[in-house]
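Summary of structural features
Take a look at the letters that make up each chain.
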Amino acid sequence: MEPIIKIENLSKSYHQGESELRVLKNISLEVMNGDYLAILGPSGSGKSTLMNVIGCMDRFQEGEYCLTGCAVGQLNDAQLTRLRNEKIGFIFQKYHLIQKYSVLLNTMMPLLIRGIPRKHAEELSMEKLNMLGMNDRVGHKPNELSGGQQQRAAIARALVGTPELLLADEPTGALDRATGQEVLKLFGELNSMGNTIVMITHDLSVAQHAKRIVHIIDGELYEDGQEEQAGEKELPDKALVQKGESDENQEIPLEKPSMPGRRYTAHGRHFVARAGQFRAGVGSKDTGQSHAAGEHKLHQ
Ligand SMILES: Nc1ncnc2c1ncn2[C@@H]1O[C@H](COP(=O)(O)OP(=O)(O)OP(=O)(O)O)[C@@H](O)[C@H]1O
Ligand SMILES: [Mg+2]
């Protein structure tokens, strides 16, 4: 099955005068149909930049990105706009509803942009608004709604064009805890109905609602719990090392380093770089102690 998102070695930089700021570094990511993925990272780590790239709102310089099999890097602006409209439903922290339009008209927007006749667009929008319990609010303007209701209207708008991907940026960021929980429950239900969701957040307790978490730190992606896999897969139990100054070889047991590969620590847990290549250290001549080459702390 073709992944919905397939990103390989993608990098993006911003240029300011002579200097270059590399914001996304060698990112690789696959999201399959039916996935519910959270991208978790602190402020300034590159979340919005990555969301803009995934959402075809911004370009990148290096690597490949295929959205439902379509190579995004090769499209012109008009083709990108169309792809975005057809394939992605966006949900933002601050809803991004058009204030002067009713809830119904806001929800119809992606369909009207697509050229769908008004009546049909209205029927499809009412269907989604009903599903989200917003049927008694369709004539309201956004500023006549609570935050939770505005987000539900925004979710109806995201769903109305039956996109292959729901892309949400801090969808609970502007809501109180209880309303945020309701929206997350709704995301869970939408995912069980078959919707593929990518949610961007800085909040671990929000990310934990997803089926899978990847971490973004300083522009690099890390998969949750990958360090165990790397250790089990690649580290041999024993290694031949040179004995002292002589030419003789000696077989020694290898200590499994607890953190092979590039790593960082967050939320009291350890993570290893997704693209980090793990190589088993075979013990130095001096100390006989094993070590993992390439081990590098990014954050503590
Ligand atoms: N247009 C731009 N030009 C130059 N640098 C930028 C631009 N946009 C973002 N950056 C830089 O890229 C880095 C990542 O920014 P980004 O907005 O993606 O972070 P974020 O993870 O979304 O942060 P937050 O959680 O605060 O929203 C930051 O260092 C930021 O200053
Ligand atoms: Mg951001």
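Quick notes on the rules
Residues numbered from 1 in each chain as written. Chains lettered and ligands numbered in written order. Predicted model: local features only at pLDDT ≥ 70, side-chain atom pairs only at ≥ 80, totals over all residues. Helix = DSSP H or I, 4+ residues; strand = E, 2+ residues; numbered from the N terminus. Buried ≥ 20, exposed ≤ 12 C-beta atoms within 10 Å, placed from the backbone. Contact = placed C-beta atoms within 7 Å. Near = placed C-beta within 6 Å. Pairing = 2+ DSSP bridges. Axes fitted to C-alpha atoms, helices over the stretch in contact; angles between N-to-C directions. pLDDT = per-residue confidence, 0-100. Core = buried A, V, L, I, M, F, W, Y, C linked by C-beta atoms within 7 Å. Expected span 1.5 Å × (residues − 1). Arc of directions from axis to C-beta. Parallel < 35°, antiparallel > 145°, perpendicular 65-115°, else oblique. Left-handed = near helix turned anticlockwise from the far one by under 90°. Nonpolar A, V, L, I, M, F, W, Y, C, P; charged D, E, K, R; others polar.

A word on the overall build of the protein chain
Of regular secondary structure, the protein chain possesses eight helices and 17 strands. Put simply, the protein chain has 300 residues, and 36% of those count as buried.

Here we look at the environment of Val 160
Summarising the element assignment, Val 160 is placed in the loop between α5 (147-159) and β7 (165-169). Each C-alpha atom, one on Val 160 and one on Met 109, is 9.2 Å from the other, the two residues being 51 residues apart in sequence. If near-sequence neighbours (up to four positions away) are discounted, Val 160 is found in contact with Thr 107, Pro 110, Leu 111, Leu 124, Ser 125 and Lys 128.

Some points on the site of ligand 1
Taken together, the residues surrounding ligand 1 are Tyr 14, Leu 21, Val 23, Gly 41, Ser 43, Gly 44, Ser 45, Gly 46, Lys 47, Ser 48, Thr 49 and His 202. Elements represented by at least two residues in the shell around ligand 1 include exactly β2 (19-31) and α1 (47-54). The element that contributes the greatest number of residues to the shell around ligand 1 is α1, accounting for three residues.

Digging into the sheet that holds strand β1 (residues 5-16)
Taken in spatial order, the four strands make up an open sheet running β2-β1-β4-β5, and their pairing is antiparallel. In the strand order of this sheet, the two ends are held by β2 and β5 (70-71), each with one partner. Sheet contacts for α1: β1, β2 and β4 (62-67); angle to β2, the most-contacted strand, approximately 60°.

Section: the confidence of the model for the protein chain
Here the protein chain shows a mean pLDDT of 80. Residues at 70 or above account for 75%. In this model, residues 227-245 is a region of pLDDT below 50 whose contacts with residues beyond four sequence positions or in other chains number 42 contacts. Low pLDDT, under 50, characterises residues 254-270; the predicted model gives this stretch 61 contacts beyond four residues in sequence or across chains.

Quick look at the pairing of strand β9 (residues 212-217)
For strand β3 (residues 36-40) and β9, the ladder comprises four bridges, and the chain directions are parallel. Bridging from a neighbouring strand, Leu 37 pairs with Arg 212 of β9. The hairpin formed by β9 and strand β10 (residues 220-223) contains two residues between the paired strands, and Asp 218 there has a positive phi angle of roughly 50°.

Some details on the nonpolar core
Ranked by size, the top nonpolar core spans 63 residues in total, and within it Ile 39 and Val 198 carry the most contacts. Not counting the four nearest positions on each side in its chain, Ile 39 is found in contact with Lys 47, Leu 50, Val 198, Ile 200, Val 214 and Ile 216.

Thoughts on helix α6 (residues 177-192)
Between its first and last C-alpha atoms α6 spans 23 Å; for 16 residues at 1.5 Å apiece the expected length is 22 Å, and the two agree. Listed as buried for α6 are Gly 180, Val 183, Phe 187 and Leu 190. In a view along the axis of α6, the buried residues occupy a sector of 75°, so they form one face of it. Across α6 from its buried face, at more than 90 degrees, point the exposed residues Arg 177, Ala 178, Lys 185, Glu 189 and Ser 192. Residues of α6 that are buried make contact with α5, β7 and β8 (197-201).

Quick look at the packing of helix α3 (residues 103-113) against helix α4 (residues 118-131)
Relative to each other, α3 and α4 sit at 120°, their axes nearing to 9 Å. Classed by the angle they form, the pair α3 and α4 counts as oblique. Regarding α3 and α4, the two cross each other, and that crossing is right-handed. Only Arg 118, Ala 121, Glu 122, Leu 124, Ser 125, Lys 128 and Leu 129 of α4 make contact with α3, whose side of the interface consists of Val 103, Leu 104, Thr 107, Met 108, Leu 111 and Leu 112. Residues that form the contact of α3 with α4 fall into these classes: eight nonpolar, two polar and three charged.

Considering unusual backbone geometry
In this model, Asn 26 sits at a positive phi of 50°, which is unusual for a non-glycine residue. For Asn 26, the location among the structural elements is in strand β2.

Brief notes about the pairing of β4
Two elements, β1 and β4, share five bridges in a ladder whose sense is antiparallel. Bridged to Ile 5 within β4 is Leu 67. Sheet topology places β4 next to β5; two bridges connect them, and they run antiparallel. Considered in β5, the bridge of Leu 67 is made with Cys 70. Here β4 folds back onto β5, and the loop between the two strands holds two residues, one of which, Thr 68, carries a positive phi near 45°.

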